[in-house]
Amino acid sequence: MLSSAFYTENRRRLAEYMTDNSIYFVHSGSELESTHDENFIFQPYRNFLYLTGLDRSGAILFISKLSGKVKETLYMHIPTEREQRWMNLTWDPEKMKAETGIEEIVSIEEWDARVSRLLVSGRIQDCYIDMARWSMNYAPNKEQEMANRLKNIYPFLSMHNAYAFVASMRTIKHPDEIAAHRKAVDITEKGVRNMLANMRPGMYEYEIEAYYDFVLKSNGVKVPAFHTIAACGQNANHMHYVDNNTQTKEGDLILFDLGARWDYYCADVSRTYPVNGKFTNRQAQLYEIVLKGLKAAEDAAKPGVVKDELQNLSKQVMAEELVKIGKIEKPEEISRYYMHGSGHLIGLDTHDVGDYELKLQKDMMFTLEPGLYFDDEETGIRIEDTLVVTDDGVDILSDSIPKEIADIEAVMKH
Ligand SMILES: [Mn+2]
């Protein structure tokens, strides 16, 4: 958890955005069943987390603004004695008040009575919900159910979605958030270096990955930011390959796309390494093209630049190089070997929320990840850094994770 001042400030800005005589609520989310009596690991809805710091299921943050007076209440499921015993679910409202800066914490059972009392006056006209929806086909979530219920009972309410506003706040990182990111990237680096120290041809992808997982676990990272990709040879040409169950061969390149998570802040780094520690001339030639594409974008990144322009720059640089070595005849043919965008905002989500058309601003965090995928050579290369925008450029948080050929080969010399 970051400081209570951070969460309090986030809520203050949200309340400022709300019109007078309005309410806002956001659910933390609930546990989802995986099979029989097992649940998936609970993931709090990130806007809830950003406003409270709490990762408890079954909670609602409620903010009312009445005649300019803002009141914040946290509605929580109070764990039963049985839940406290079996699940180690603690119930310490005073501690939660101190951690979140929210002065009122009450049982979720009081929700109906309290919200009724507030809405009966008819003074509340605007209701802000906070709802992200990745697909129209997902089952309705609690946020949607509650919005429908309130709209049904109080048809005069005008509904608004505060999601985009909170998402826009999330794109500019507080120094404490950047520090959490740095920690996530530092642990990622330790994990990658442990793989480099132990990787040999003939190992299965999962055996190599285990050296990374060990470092994450032993540094207190329970869950990584996303499923690790460890893809040798042709597997690297499937961008979201996560089977990681192929035996590596002498002469393979292996592509890793991975990241630790610290305080819910995600690292996202890709590297491509020769399993035996030494690039062939051809591999080095192709690798340098991707690296050149990445560096061109990193050198051009600064406040005021639109992120997509950086993607185009990487693509253009790589296309020119591919023409030079005779792999393609015209630059536009690069689309045969490069079929994804380069990078995304990053934060509490790996592919973080926010407006991707925006120009870069100081303290935004994002990734750049050009790649080239050659089915005809059974070789896929991607190099990705996690970056934070500074006054006049970017700070590459993942810069010390080896990516220059000389550094990689020196580190891997066993
Ligand atoms: Mn990425």
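All values derive from a computational prediction rather than experimental measurement. Residue indices begin from 1 for each chain and proceed along its sequence in written order. Only residues with pLDDT of 70 or above have their local features reported here, since the model is predicted, and side-chain atom pairs are shown and tallied only from 80 upward, although totals for entire chains, interfaces and linings are computed over all residues. As a convention, hydrogens and water are excluded, and side-chain values are obtained from all of the structure's heavy atoms.

> Quick rundown of the packing of helix H8 (residues 175-198) against helix H9 (residues 205-218)? Include the residues and the values.
Where helices are involved, their axes are fitted lines through C-alpha atoms of the stretch in contact, as for all axes, and angles between N-to-C directions lie from 0 to 180°. Helix and strand definitions follow DSSP, with helices as H or I runs of at least four residues and strands as E runs of at least two, each counted in order from the N terminus. Closest axis-to-axis distance for the H8/H9 pair is 8 Å, and the angle between their directions is 145°. For the crossing formed where H8 meets H9, the hand is right-handed. The residues of H9 that touch H8, namely those facing Ile187, Thr188, Lys190, Gly191, Val192, Asn194, Met195 and Asn198, are Ile208, Glu209, Tyr211, Tyr212, Val215 and Leu216. Throughout, the ten residues Ala, Val, Leu, Ile, Met, Phe, Trp, Tyr, Cys and Pro are labelled nonpolar, Asp, Glu, Lys and Arg are labelled charged, and all others, Gly among them, are labelled polar. The residue inventory of the contact of H8 with H9, partitioned by class, reads eight nonpolar, four polar and two charged. Helix crossings fall into two classes, left-handed where the near helix is turned counterclockwise from the far one by less than a right angle and right-handed where it is turned clockwise. It only takes one pair of heavy atoms within 4.5 Å for two residues to be counted as in contact.

> Residues and numbers for the coordination of the manganese ion, please.
The coordination sphere of the manganese ion, as far as protein atoms go, consists of Asp268 (OD), His344 (NE2), Glu369 (OE) and Glu384 (OE), spread over 2.1 to 2.6 Å. Sequence positions of the residues that donate to the manganese ion give the spacing D-x75-H-x24-E-x14-E. In this pair, Asp268 sits in the loop between strand S12 (265-266) and strand S13 (269-274) while Glu369 sits in the loop between strand S14 (365-368) and strand S15 (371-374), placing the two residues 101 residues apart along the sequence. The buried label goes to any residue with under 20% of its type's maximum accessible area, the exposed label to any with over 50%, and the partly exposed label to all in between, with areas taken from a 1.4 Å probe on protein chains only. Using a relative accessible area of 2% as the deciding quantity, one classes Asp268 as buried. Distances define the donors: N, O and S atoms within 2.8 Å of the metal qualify, as do those within 3.2 Å of Na, K or Ca. Water is excluded, so some sites may look unfinished.

> If you had to explain the nonpolar core to someone new, which residues and values would you point to?
Met199, Phe256, Tyr273, Phe366 and Leu372 are the most contacted members of the largest nonpolar core, which totals 66 residues. Looking at this core element by element, the count peaks at eight residues for helix H10 (residues 281-300). Residues in contact with Phe366, not counting those within four places in the same chain, are Ala301, Lys307, Leu310, His344, Leu345, Ile346, Leu360, Asp385, Thr386, Leu387, Val389 and Val394. What we call a nonpolar core is a set of buried Ala, Val, Leu, Ile, Met, Phe, Trp, Tyr and Cys residues that are connected through their side-chain atoms within 4.5 Å. The next biggest cluster of nonpolar side chains, apart from the first, holds 28 residues, and it includes Leu2, Tyr7, Tyr24 and Met96.

> Summarise the environment of Gly277; cite the residues concerned and give the values.
Tracing the chain through its elements places Gly277 in the loop between S13 and H10. We classify Gly277 as buried; its relative accessible area is 7%. Once the C-alpha coordinates of Gly277 and Lys330 are considered, the two residues, 53 residues apart in sequence, prove to be 33 Å apart. Residues contacting Gly277, with those up to four places away along its chain left out, are Glu409 and Met412.

> For the packing of aromatic side chains, give the residues involved together with the corresponding values.
Two rings from Phe, Tyr or Trp (for Trp, the six-membered ring) form a pair when their centres are within 6.5 Å of each other. A pair whose planes differ by under 30 degrees is stacked, one over 60 is edge-to-face, and the rest are tilted. According to the stated counting rule, one finds 13 aromatic pairs in the structure shown. Relative to Phe165, the ring of Tyr17 lies with its centre 3.9 Å away and its plane at 5°, an arrangement referred to as stacked. Of the two residues, Tyr17 is situated in helix H1 (residues 4-17) and Phe165 in helix H7 (residues 163-171); the sequence distance between them amounts to 148 residues. Residue classification places Phe165 among the partly exposed positions, given a relative accessible area of 21%. Ring centres of Tyr337 and Phe374 lie 4.9 Å apart, and the angle between their planes is 45°; on these two criteria the pair is classed as tilted. Highlighted residues: Tyr337 in the loop between helix H11 (307-324) and S14 and Phe374 in strand S15, separated in sequence by 37 residues. You'll find Tyr337 and Phe374 in the same group, each marked buried.

> Tell me about the domain arrangement of the protein, and name the residues and values.
Assigned domains within the protein: domain 1 (4-170) and domain 2 (172-411). Of note, the centres of domain 1 and domain 2, computed from C-alpha atoms alone, are 36 Å apart. Listed as interface residues are 14 residues of domain 1 and, on the opposing side, 13 residues of domain 2. In short, buried area is how much 1.4 Å probe accessible area vanishes from two parts on joining, totalled over both. Buried surface at the junction of domain 1 and domain 2, both sides included, amounts to about 1,100 Å², of which 55% is carbon and sulfur. Among the residues of domain 1 in contact with domain 2, Phe6, Arg46 and Arg170 are the three that bury the most area, contributing 51% of the side total. Every case where a carboxyl oxygen of Asp or Glu lies within 4 Å of a side-chain nitrogen of Lys or Arg is listed as a salt bridge. If you look at where domain 1 meets domain 2, you find two salt bridges. Ionic pairing is found between Asp352 and Arg170, a salt bridge with its closest N-O pair at 2.8 Å. For this analysis, a polar contact is any N or O atom pair within 3.5 Å, provided that within protein one partner can donate a hydrogen and the other can accept it, and provided that sequence-adjacent residues contribute only side-chain to side-chain pairs. Inspection of the domain 1/domain 2 interface yields seven residue pairs in polar contact (both at pLDDT 80 or more). At the level of secondary structure, the elements contributing two or more residues to the side of domain 1 that touches domain 2 comprise helix H2 (46-52) and H7. Among the elements that line the side of domain 1 that touches domain 2, the one with the most residues is H7, at five residues. Class assignment for the residues of the side of domain 1 that touches domain 2 results in nine nonpolar, two polar and three charged. For the purposes of this description, domain bounds are those given by an automatic or database domain assignment.

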